[in-house]
Amino acid sequence: MTQLKDPKTQRKAFERLVEEYGEQLYWHVRRIVLLHEDANDVVQNVFLKAWTRLDTFHEEAKISTWLYRIALNESLDFVRRKKLQTLSMDDADGLISNQLLADEYFDGTETEAMLHEAIARLPDVQRKVFTLRYFDEMKYSEMSQLLNTSEGSLKASYHIAVKKISDFFKRRD
């Protein structure tokens, strides 16, 4: 960590950071923004923001937690901006699934595309918690640090999200 603070070694240390966390962050972001090109853009923004804000990183948190927080915020900001540019979710029935299935980098099934559509319809907090728990298999204690929220409220958000996703699939049958 001291190498990231030292101007002489900062650039090389940051390059190692990008190599070490780039793929993890890509998949974390991809699960939120869904499309490959969008995920690449967001990850670039994450590392750009991290680089320009290295001086704000305080070592009481792990560097991975700090990067995940930036990635989560950048991903959700991207999704919010994109929603403003498109139709409302009620008018966009199947839009996300269709976009994913058309994405040459998406190798999932139609059911997986529907899951991502259901997740995209969740409120931000539930989407964050569900994504971190389901895809990243993050423990509630880690999420609590990352999101500055109690474990109890995270568990409640996760279970509500699961119920909403389940209901989404029931309506599709």
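Residues numbered from 1 in each chain as written. Predicted model: local features only at pLDDT ≥ 70, side-chain atom pairs only at ≥ 80, totals over all residues. Heavy atoms only, no water.

Visitor: How would you summarise the packing of helix α7 (residues 124-135) against helix α8 (residues 140-147) if you had to cite specific residues and measurements?
Guide: Interaxial distance between α7 and α8 falls to 11 Å at its minimum, and their mutual angle equals 140°. When the axes of α7 and α8 are compared, the pair comes out oblique. Regarding α7 and α8, the two cross each other, and that crossing is right-handed. Taken together, the residues of α8 that come into contact with α7 (itself represented by Lys128, Val129, Leu132 and Arg133) are Tyr140, Met143, Leu146 and Leu147. Among the residues forming the contact of α7 with α8, the class breakdown is 6 nonpolar, no polar and 2 charged. (Axes fitted to C-alpha atoms, helices over the stretch in contact; angles between N-to-C directions. Helix = DSSP H or I, 4+ residues; strand = E, 2+ residues; numbered from the N terminus. Parallel < 35°, antiparallel > 145°, perpendicular 65-115°, else oblique. Left-handed = near helix turned anticlockwise from the far one by under 90°. Contact = heavy atoms within 4.5 Å. Nonpolar A, V, L, I, M, F, W, Y, C, P; charged D, E, K, R; others polar.)

Visitor: Account for the pattern of salt bridges, with residues named and values stated.
Guide: Scanning the entire structure with this criterion turns up 7 salt bridges. Between glutamate 74 and lysine 49 there is a salt bridge, with the nearest N and O atoms lying 2.5 Å from each other. Here glutamate 74, found in helix α4 (residues 63-85), pairs with lysine 49, found in helix α3 (residues 36-52); they are 25 residues apart in sequence, far enough to count as distant. A salt bridge links arginine 121 to glutamate 117; the nearest nitrogen and oxygen atoms lie 3.1 Å apart. By relative accessible area, glutamate 117 is classed as buried at 1%. (Salt bridge = Lys/Arg side-chain N within 4 Å of Asp/Glu carboxyl O. Buried < 20%, exposed > 50% of the residue type's maximum accessible area, 1.4 Å probe, protein only.)

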